[in-house]
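Coordinate inspection notes
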Amino acid sequence: MHAAVYHSQEIRAWEQRWFQKQNSSLGLMQQVAWSICNKLDHFIQKNSLSVRKIAVWCGMGNNAGDGYFLAAYFQQAGYQVTIFAAPAGESPDLAQAVQTARRHQLNIHSSFDVPDVYDCHIDALFGHGLNRNLDSDWQTVIKHFNQLSGFKVAIDLPSGLNANTGQCLPIAIKADITYTVLAHKIGLHTGQGSEFSGQVELIDLLPPDVSLRATALLKPANIILPKRQAFGHKGTYGHVLVVGGHRDMGGAVIMAAEAAFHAGAGKVTVVCDATHHAAILARAPNIMIKDIQALTSDEILTLLQQIDSVCFGMGLGRDEWSEKQFMKWCPVLLKRTELHLVIDADALWFLAEHSFTFSQNVYLTPHAGEAARLLNTSAKEIEQDRVTAIEQLYQRFSGQWVLKGAGSLILEPDQLWICTTGNAGMGTAGMGDVLAGMIASLKAQLDTHISLSDIVTLHGQAGDRLAQSGQRGIQAHQMLDAIYQVVNP
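Residues numbered from 1 in each chain as written. Predicted model: local features only at pLDDT ≥ 70, side-chain atom pairs only at ≥ 80, totals over all residues. Heavy atoms only, no water.

Here we look at the overall build of the chain
Let me state the cut-off plainly: Secondary structure is summarised from DSSP: a helix means a run of H or I of at least four residues, a strand means a run of E of at least two, and numbering begins at the N terminus for each. Exposure categories follow from relative accessible area, calculated using a 1.4 Å probe and restricted to protein chains: below 20% of the type maximum is buried, above 50% is exposed, and the middle band is partly exposed. Note on definitions: a residue-residue contact is assigned when non-hydrogen atoms from the two residues lie within 4.5 Å. Each accessible area value is a Shrake-Rupley result obtained with a 1.4 Å probe; residue values ignore everything except the protein chains displayed when judging cover. A positive count includes Lys and Arg, and a negative count includes Asp and Glu. His and the chain ends are not counted in either. Note that the charge is assigned to NZ on lysines, CZ on arginines, CG on aspartates and CD on glutamates.
Across its full length, the chain holds 17 helices and 19 strands. Counting over 489 residues, the chain shows a buried share of 56%. For the chain, restricting intrachain contacts to residue pairs at least 6 apart in sequence, the fraction spanning at least 24 positions comes to 72%. Counting every atom, the chain has about 21,100 Å² of accessible surface; 48% of that belongs to carbon and sulfur. Taking the 36 positively charged and 44 negatively charged side chains of the chain as two groups, their mean positions are separated by 3 Å.

Let's talk about the UniProt feature "binding site: (6S)-NADPHX" (unreviewed entry) in the chain
Rules: UniProt positions are given in the numbering used here, feature names are shortened, and annotations may be inferred rather than shown by experiment. Whenever two N or O atoms come within 3.5 Å, that pair is a polar contact, provided that in protein one can donate a hydrogen and the other can accept it, and provided that, for residues adjacent in sequence, both atoms are side-chain atoms.
As annotated by UniProt and renumbered to match this structure, "binding site: (6S)-NADPHX" (unreviewed entry) occupies Ala 252, Gly 315, His 367 and Asp 433. Secondary-structure assignment places His 367 in the loop between strand E16 (358-364) and helix H12 (368-374). Residue His 367 is classed as partly exposed on the basis of its relative accessible area of 37%. Those residues in contact with His 367 that sit more than four places away from it in its chain are Leu 403 and Lys 404. A polar contact of 3.1 Å, which involves the side chain of His 367, links it to the backbone nitrogen of Gly 369. Contact partners of Asp 433, with chain neighbours within four places excluded, come to Ala 252, Met 255, Ala 256, Met 314 and Asp 344.

Side note on the pairing of strand E5 (residues 120-124)
Heads up, the condition is: In this description, strands pair whenever DSSP reports at least two bridges between them. The crossover handedness rule: strands pointing away from the viewer, path from first strand over the helix to second strand clockwise, crossover right-handed.
Here E5 lies mainly inside the structure; 5 of its 5 residues are buried. Burial along E5 is two-sided: Cys 120, Ile 122 and Ala 124 facing one way and His 121 and Asp 123 facing the other are all buried. Both E5 and strand E6 (residues 151-155) contribute to a ladder of 4 bridges, which runs parallel. Bridging across to E6, Cys 120 finds its partner in Phe 151. Where the polypeptide runs from E5 across helix H5 (residues 136-147) and back to E6, its parallel neighbour, the crossover connection is right-handed.

Some thoughts on the pairing of strand E15 (residues 340-343)
Neither face of E15 is left uncovered, since the one carrying His 340 and Val 342 and the one carrying Leu 341 and Ile 343 both have all their residues buried. In the sheet, strand E14 (residues 309-314) pairs with E15 via 4 bridges, with the strands oriented parallel. Following the sheet pairing, Ser 309 is matched in E15 by His 340. A crossover connection joins E14 to the parallel E15 through helix H10 (residues 320-335); in handedness this β-α-β unit is right-handed. As paired strands, E15 and E16 are joined by 3 bridges and run parallel to one another. When the sheet's bridge partners are listed, Ile 343 is paired in E16 with Leu 364. The parallel pair E15 and E16 is bridged by helix H11 (residues 346-351), and the resulting crossover is right-handed.

Observations regarding the UniProt feature "domain: YjeF C-terminal" (unreviewed entry) in the chain
The UniProt record marks residues 217-489 with the feature "domain: YjeF C-terminal" (unreviewed entry), using the residue numbering of this structure. Annotation note: span residues 217-489, helix share 42%, strand share 18%, distance between end C-alpha atoms 24 Å.

Description of the environment of Ala 77
If you trace the backbone, Ala 77 turns up in the loop between helix H3 (62-76) and strand E3 (80-85). Residue Ala 77 is classed as partly exposed on the basis of its relative accessible area, which comes to 44%. For the pair formed by Ala 77 and Asp 113, sequence separation is 36 residues and the distance between their alpha carbons is 25 Å.

Focus on the environment of Phe 19
Note on placement: Phe 19 falls in helix H1 (residues 8-20). Between the alpha carbons of Phe 19 and Leu 94 there is a distance of 16 Å; along the sequence they are 75 residues apart. If sequence neighbours within four positions are ignored, Phe 19 has contacts with Ser 24, Ser 25 and Leu 28.

Some thoughts on the state of the cysteines
Rule in force here: A pair of sulfur atoms, both from cysteines and within 2.5 Å, is called a disulfide here.
Per the counting criterion, the structure on display carries 0 disulfides. Just so you know, Cys 120 is unpaired, no disulfide at all, and the nearest cysteine sulfur is the one on Cys 37, 11 Å from it. On the accessibility criterion, Cys 120 (0% relative accessible area) is buried.

Digging into unusual backbone geometry
A cis amide bond links Leu 169 with the next residue in sequence, Pro 170, at an omega value of -10 degrees. Residue position: Pro 170 is located in the loop between E6 and strand E7 (177-181). With a phi angle near 55 degrees, Asp 447 is a residue other than glycine that sits in the positive phi range. Looking at the element boundaries, Asp 447 is found in the loop between helix H15 (431-446) and helix H16 (452-467). We classify Asp 447 as partly exposed; its relative accessible area is 38%.

Printed below as a string of structure tokens:
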């Protein structure tokens, strides 16, 4: 079963429905703390962490209540525990938690002047309800937390991180492990979330009810491709067409075409400016080439009759010539509804100025800057709410979408996925061209037997293989062998 991801409002409503059935909110708080204590103690022992002295940082709400109970349980387990706390709020459950800590004679300091003598720091400052920028005092507290040595743990989600967008407000706890309570929050898995949450463990205590609605699903990493049949040939495995390659930009079509071949396409043709033909053939003589300047409309139609999928826009450019090519190709490609069509890069630039509605065989792959142009907003606004952004892209254009970035979002028909593979080393020029080539290739080969989210996951796995030797300095052209490996596990 796929792991579901939820909006914080959905989780709060679920909690309230549970409490309305006369279930105890205090009991739930105690269960949360007891579960985290057991899981964290096991983690410490299993990984031979040198943890004896623990500092628990408590805020003013119910997240702090989890912290007070957790401190008491850890002291019972034999750890040396100190609480550093803000003045407690008025919640009866929180008051009970504070009293429990006092009965266990825990040291409670009414400040966050925490010395650097603790082996572990537990963040119980804010829960998933935080949706405002922290004031300067709280920012100072979080900066101090992050600067201290020791193993860092967050309860529910790192304080200062928006539960629904994965954005910092404007600073967040940087945890080694986050024990998220009841359900996965969107912000832990997209945007800046994975940078701050570390390893995410679910504290799953309540049974889902019929009213609970997931926002997205976490994409599993175990993608199984079907075996090839012994009697297959190059015509069996799809013919990919790569269209782009402005006179001044030849590298993008080369990377897309080579990625298509390494992902298993039977044939690949590149249509680009003829100045790049010699370089293409020198790198990959199995790629067929055509001059984008010389092709007539009739010749384009004839060519498309031989094609299974197209990736369009790589290195197309953004000048007057580029726009003419966009308007020459795009309407023709869209009429061929049986084709799988990937629209990326400079084709997305011109798409913002034209009104098209796409079928489900069209895959669009913007990063935040390209999405911002398509929605007439800023990249910052896109990153502030990536889920809303990808939904708006679908509402305007239809088709299937990938909003690239940390925790890439993939919107397929009736399902939003969050990619769980990939790494920061993949933030380099040409990675999008490689992804476009992979999508075109695997769709040409497998049609509906592989999903867009499957392909994005494989792309991330290829990047993760490269990152085993280090993230810094990865280049897109190095992906080819890694792609070959992930499509042949």
